Every structure is written in structure tokens, then in C-alpha cells.
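Single-letter residue listing:
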Amino acid sequence: MSTVPSSAPSPPFGLAPELPEGVERRPPPDRPGWRPWTAWVALVAAFGAALMGALVVGVIAALAGADFSNPTPAVNIAATIVQDLCLIGSAVLFAGMAGRPLPAQFGLRRTRFWPAVGWMAVAFFAFYVFTLAWVSIVGANTDDTKLTDDLGVDRSTVALLGAAFLVSVVAPIAEEFFFRGYFFGALRNWKGLWPAAIITGLVFGGIHVGSAELALLLPLAFFGFVLCLLRERTGSLLPCMVLHCANNSLAFGVSQHWGWQIPVLFVSALSLISLVAVVVRARWRPAVAPAT
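Read on for an overview of the structure. Nothing here was measured: the structure is a model prediction, and the numbers come from that model. (Residues numbered from 1 in each chain as written. Predicted model: local features only at pLDDT ≥ 70, side-chain atom pairs only at ≥ 80, totals over all residues. Heavy atoms only, no water.)

## Remarks on the overall build of the chain
Stated formally: Put simply, DSSP H or I for four residues or longer makes a helix, DSSP E for two residues or longer makes a strand, and each gets a number counted from the N terminus. Each residue is placed in one exposure class: buried if its accessible area under a 1.4 Å probe, protein chains only, is under 20% of its type's maximum, exposed if it is over 50%, and partly exposed if it falls in between. In this description, contact between two residues means that some pair of their heavy atoms is separated by no more than 4.5 Å. Note that accessible areas follow from Shrake-Rupley with a 1.4 Å probe, and for residues the cover is restricted to the protein chains shown.
When helices and strands are counted, the chain shows 9 helices and 0 strands. Counting over 292 residues, the chain shows a buried share of 40%. Considering only contacts in the chain between residues 6 or more positions apart, those separated by 24 or more positions represent 77%. Carbon and sulfur atoms make up 68% of the accessible area of the chain, which amounts to about 16300 Å² in all.

## Thoughts on the packing of helix 3 (residues 113-138) against helix 8 (residues 238-255)
The test is simple: A fitted line through C-alpha atoms represents every axis, and for helices the fit uses only the stretch in contact; the resulting angles, taken between N-to-C directions, go from 0 to 180 degrees. An angle counts as roughly parallel when it lies under 35 degrees, as roughly antiparallel when it exceeds 145, as roughly perpendicular when it falls between 65 and 115, and as oblique in every other case. Left-handed describes a crossing in which the near helix is turned anticlockwise from the far one by less than a right angle; the clockwise case is right-handed. Here the term charged refers only to Asp, Glu, Lys and Arg, the term nonpolar to Ala, Val, Leu, Ile, Met, Phe, Trp, Tyr, Cys and Pro, and the term polar to all other amino acids, Gly among them.
Packing of helix 3 against helix 8 leaves a shortest axis separation of 10 Å and a crossing angle of 45°. Compared by their axis directions, helix 3 and helix 8 come out oblique. In terms of crossing hand, the pair formed by helix 3 and helix 8 is right-handed. Of the residues in helix 8, those touching helix 3 at Ala116, Met120, Ala123, Phe124 and Phe127 are Pro239, Val242, Leu243, Asn247 and Leu250. Class assignment of the residues belonging to the contact of helix 3 with helix 8 gives a composition of 9 nonpolar, 1 polar and no charged.

## Overview of helix 9 (residues 261-283)
Quick reminder: α-helices carry 3.6 residues per turn. Residues three or four places apart thus point the same way. What counts, and what does not: Expected span, for any helix, means 1.5 Å times one less than how many residues it has.
Taking 1.5 Å as the rise per residue, helix 9 with 23 residues should run 33 Å; its terminal C-alpha atoms sit 33 Å apart, in good agreement. On the buried face of helix 9, the contacting elements are helix 5 (157-191) and helix 8.

## Looking at helix 7 (residues 217-234)
Between its first and last C-alpha, helix 7 extends 26 Å over 18 residues, near the 26 Å set by a 1.5 Å rise per residue. With respect to burial, helix 7 is a largely interior element, 14 of its 18 residues being buried. Just beyond helix 7, the residue with positive phi is glycine 235, at close to 70°.

## Concerning the pattern of salt bridges
Just so we agree on the cut-off: Note on definitions: salt bridges are taken to be side-chain nitrogens of Lys or Arg within 4 Å of carboxyl oxygens of Asp or Glu.
Applying the stated rule across the entire model yields 2 salt bridges. Arginine 180 is the salt-bridge partner of glutamate 176, the closest N and O atoms lying 2.7 Å from each other. Residue glutamate 176 and its partner arginine 180 are both found in helix 5; the two are separated by 4 residues, about one turn of the helix. Accessibility classification places glutamate 176 together with arginine 180 in one group, the buried group. Glutamate 232 is the partner of arginine 188 in a salt bridge, and the nearest nitrogen-oxygen pair spans 2.9 Å. One end of the pair, arginine 188, is in helix 5; the other, glutamate 232, is in helix 7, with 44 residues separating them in the sequence.

## Quick notes on the packing of aromatic side chains
To keep it simple, the criterion reads: Aromatic rings from Phe, Tyr and Trp, taking only the six-membered ring of Trp, are treated as a pair when their centres fall within 6.5 Å; an angle between ring planes under 30 degrees marks them as stacked, one over 60 as edge-to-face, and anything in between as tilted.
One pass over the structure, following the stated rule, counts 18 aromatic pairs. Between tryptophan 34 and phenylalanine 106, the ring centres sit 5.1 Å apart and the planes meet at 45°, which makes this aromatic pair tilted. One end of the pair, tryptophan 34, is in the segment before helix 1 (37-63); the other, phenylalanine 106, is in the loop between helix 2 (73-95) and helix 3, and 72 residues separate them in sequence. By relative accessible area, which is 0% here, phenylalanine 106 ends up buried. A centroid spacing of 6.4 Å and a plane angle of 45° characterise the contact between phenylalanine 177 and tryptophan 284, whose relative ring orientation is tilted. Of the two residues, phenylalanine 177 sits in helix 5 while tryptophan 284 sits in the segment after helix 9, which places them 107 residues apart along the sequence. Relative accessible area serves as the criterion here: at 6%, phenylalanine 177 is assigned to the buried category. Three or more aromatic residues link up through ring pairs in this structure, and these residues are Trp34, Phe106, Phe177, Tyr182 and Trp284.

## Points about the environment of serine 255
Topologically, serine 255 is positioned in helix 8. In the structure, serine 255 is positioned 106 residues away from aspartate 149 in sequence and 9.8 Å away in space, judged by C-alpha atoms.

Shown next as C-alpha cells:
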């Protein structure tokens, strides 16, 4: 018996085919049924915990003799790391409300190398062009040193190395895990790809208030948006972490007027991120079903 291929067009990117009336759509096995509203609760919980954590770090530093009203670079770096850890913890906590969370549900999975490289290039090119266009319109200064100044990179070599580690390693891991891994994943179950990507991008740009110039928040929001599309196209969070690491390493290096140090920072940071990914994948495995 021969089969006739269907002539029905495939659905556009990000849109699933319509189901018959009364049939409930189930998410794919690697796309969990996280409730969309938990994305917002997880975000509030993460930053609430981060504020408490920063307060604890500040009190401990004050008891050690530091000025509470004018924290040292070490205190700022420690408080920011606590904030990033709270993002990871909140994502895991709220994901656990829908069942045992698995690495693949957050996008911690392998993907094809060269297609991922190609999509990363497309995403970065789009972000670069958007940023140049926006800067030319509003006249913003792309040499943003607000964050690095707060972290005291000009005060000591230790602060410089700590800030580089925070910006190029910790931030790409934590922010991608929460925003593209959980926040976008939960909103994806609401209205589909595009609303989830747009909202995630806007929120991602918004959280950088205080650490970036106001004029650069929209390009950062666009960066968060294209990272969502990168996650969707590759099916993996790893390319998002790599691109995030590359962008942050470049931005940090430019702010310090570096040259050859920028690729060294990127390769070093990427090596650490890869090591973390390998360790997490090795230790965070699905539960084995009991034998019957």
C-alpha cells in the first residue's frame, strides 16, 4: 500500500499545529508543564532572597569592620554572586512544584555543533546591528563602565579578577539558567514562543537597571529576546550560555581597554562554564524507575 504525502503546510516557526476541539495539548517530554504564573513568582522570590542575602553579606562585612554605607568591591562581588545563586535556586525550587526537574527541561542538553555555531552568529549579528542602530539614534555611550566601577576593578588586581569571573562565568550561567531555562520555559506554555520571548527579553533588560546605563536597557532586552530564539532553534541552553559569555567577555574587555586579553578571558570563562556543565550533567541525572 502506498502512502500519499500530506500537502498541508507546516506551521510557522514557534507555532504548533491546531488540535481537534476537545483534545488537550501536552508538552513534549523535554518541555515540562510549568505554570506560566510561576515565572513571575519565581522572579520575585529570587530577588527577594537576593536582597536578604545581600543584607546578610553586608552585615557580616560590617561586623568585620567594613563600611556598611560604602561597601567594598569584595562585598559588592559577593552580594552579586549571592543574587545569581538565588536565581538558580528559585528556578529549581519552582520547577520542582511540577515534578522532579530534569536537566533537559532547562535546556541542559547537547545540540548539533555547527548549526548551533551558525545560529549563535546570526543572533549576535542581529544584536550587534540593533545596538548600533539604537546607539546612533539616541546617542548612547557604549563604553559602559558603571558595573565595573561599582565592582572596584580599578582598585586592585583581585577585584579585577573577581569582577571578570562574575561577569563572564557566573552571570551567563545563572541568568541563562533562570531566564532562558525556567522563565522563558514557563511562559512558553502560555501563549507560545513569541510572547514568551518578548516578555523574557523585556524583563531581562529591566533587571539590569542599576548595573547598566538606561539607554542600553533596550539593546539588553533585545539580546534577551534573541537568546530565547537561540534556545528555541537549538533546543539547548548551552549555546545561550556561550553567546552570553562571549558578549560579556567582550563588553568587560572593552570597558578595560583590553586587546589580546579579551579572547583569553573568553576562552578561560568558556572552559569554566563547560566544566560546570559537565559536572552538572554527570550529577543531575533522571531518577531510575524501579524494576518490576
